[in-house]
Amino acid sequence: MQRHNRRVPASPPLWDIFCQVVDNHGDLGVCWRLSRELATRGQQVRLWVDDARALAWMAPGATEGAVPSVRVLPWTQPIAPGLLNLPRADVWVEAFGCEIPPEFVAAGAVQTGAEGQNGWKPPVWINLEYLSAESYVERMHTLPSPVLHGPAAGWTKWFFYPGFTPATGGLLREANLPARQAAFNRADWLRTHGVDWRGERLVSLFCYEPPALGQLLRAWAEGDEPTRLLVAAGRATDAVQQVIQHENGLQRWIDERKQLSISYLPHLPQTAYDELLWASDVNFVRGEDSLVRALWAGAPFVWHIYPQPEDNAHHAKLDAFLDWLQAPASLRRFHHVWNGVTPGALPLPDLSAWRACVQAARERPQAQDDLATQLLRFVARKG
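Note that this is a predicted model, so its numbers are computed, not measured.

## Notes on the overall build of the protein chain
Within the protein chain, the regular secondary structure consists of 15 helices and 12 strands. In terms of C-alpha radius of gyration, the protein chain reaches 23 Å, essentially the compact-globule figure of 21 Å for 383 residues. Based on the C-alpha atoms only, the size of the protein chain along its principal axes is roughly 85 × 40 × 40 Å. Taken across its 383 residues, the protein chain has 54% of its residues classed as buried. Of the contacts made within the protein chain by residues no fewer than 6 positions apart, 74% connect residues no fewer than 24 positions apart. Carbon and sulfur atoms form 53% of the exposed surface of the protein chain, whose accessible area is close to 17,200 Å². If you average the places of the 36 positive and of the 40 negative side-chain charges in the protein chain, the two averages end up 5 Å apart.

## Section: the pattern of salt bridges
Within this structure, the stated rule accounts for 23 salt bridges. Between R293 and E174 there is a salt bridge, with its nearest N and O atoms 2.8 Å apart. Within this pair, whereas R293 is found in helix 11 (residues 289-297), its partner E174 is found in the loop between strand 7 (156-160) and helix 5 (177-182), the two being separated by 119 residues in sequence. Taken individually, R293 and E174 each receive the classification buried, so the pair is uniform in this respect. Linked by salt bridges that have partners in common, R33, R36, E174, R180, D274, D289 and R293 make up one network.

## What about the packing of helix 10 (residues 270-279) against helix 11?
For the pair helix 10 and helix 11, interaxial distance at closest approach is 9 Å and the crossing angle is 50°. With respect to helix 11, the axis of helix 10 lies oblique. In this structure, helix 10 crosses over helix 11, and the sense of that crossing is right-handed. Together, Q270, Y273, D274, L277 and W278 of helix 10 and D289, S290, R293, A294 and A297 of helix 11 make up the contact between the two elements. Residue composition of the contact of helix 10 with helix 11, grouped by class: five nonpolar, two polar and three charged.

## Some points on the domain arrangement of the protein chain
Domain annotation for the protein chain reports domain 1 (14-171 + 369-382) and domain 2 (176-367). Using C-alpha coordinates to define each centre, domain 1 is positioned 31 Å away from domain 2. Taken together, the contact pairs 22 residues of domain 1 with 24 residues of domain 2. Here domain 1 packs against domain 2, burying approximately 2,000 Å² in sum over the two surfaces, 58% of which is carbon and sulfur.

Scoring rules and cut-offs
Residues numbered from 1 in each chain as written. Predicted model: local features only at pLDDT ≥ 70, side-chain atom pairs only at ≥ 80, totals over all residues. Heavy atoms only, no water. Helix = DSSP H or I, 4+ residues; strand = E, 2+ residues; numbered from the N terminus. Rg over C-alpha atoms; globule rule 2.2 N^0.38 Å. Buried < 20%, exposed > 50% of the residue type's maximum accessible area, 1.4 Å probe, protein only. Contact = heavy atoms within 4.5 Å. Areas by Shrake-Rupley, 256 points an atom, 1.4 Å probe, with all protein chains shown as cover. Lys, Arg positive; Asp, Glu negative; His and termini not counted. Charge placed at Lys NZ, Arg CZ, Asp CG, Glu CD. Salt bridge = Lys/Arg side-chain N within 4 Å of Asp/Glu carboxyl O. Axes fitted to C-alpha atoms, helices over the stretch in contact; angles between N-to-C directions. Parallel < 35°, antiparallel > 145°, perpendicular 65-115°, else oblique. Left-handed = near helix turned anticlockwise from the far one by under 90°. Nonpolar A, V, L, I, M, F, W, Y, C, P; charged D, E, K, R; others polar. Domains from an automatic or database assignment. Buried area = accessible area lost by both parts, 1.4 Å probe.

Now the structure itself:
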């Protein structure tokens, strides 16, 4: 009988996803969404994270096993010896430029052994990169990166780039997302979350500390259309409160004219944050995860990109996204001022044109396979 030098993968396949928290809303948010979606596709996932505290509100019950096929494990320095003896996974994922710890790689190499001894192949090793619309993404997507040194020498890592075009890895999109959106009731959601909505314009705000925030709040406070601002917990809340405290006369305008009302929200689970975007007429988002969720929501949105002040690399990244979005001039100018790329006054929003732009752009990635589907296909091909 002929022997084949390959291990028959466990059923279901097992994934190790490694996440180092830089911005807990973004890095951890994307990794949790991906883990949960892979689990719905019949995969088993171990999510290794160096700081899982945000999961307590982002995904309640996650660390206690609320999703049976996803196990959250502590990524300590070094990894606890007992965890190095876990069964080796079929897929390794390094999320957002992190590197799998050397002791974990060494343990995996020992378990894999040489073909002919136990017949196991190396795991499919994926470097899952940040989302960008820049042109290099299509060139780099799925390129190999040979491992030249250490216990895994001779193995291969594979670059995998999420993206907005068919030549990339696509965007995270749950299979049940359209059904959830279709069943959503705005008034019920607002009432459940304690928002006393009386038909005014609703704007969600999730941001860092945008230089033009004072301009925007004053424009709403002095404007003719009533606006209710729904402010995300954390840095966005701190930024709004700081601006109101220090902008001369702003609090008086808010109190006297009553055109701007502000609701400070608690930390929301991911599903509730999605619904906040569906409930709002305009969404201000930040980072990577909420950008994708705003695109799926289909309402006008403004993106506060993660700043990289040491070299301003985020400027080119922002412009590449606006190019892909086919943003009208007013939306492009608004982004540039909001992100501090150019100084000056915020232009008047043209929400009708912005909405048409977003909804047309949304159709393009909706017609493509999502990120989880493409990862599963790639792993099946390389495994």
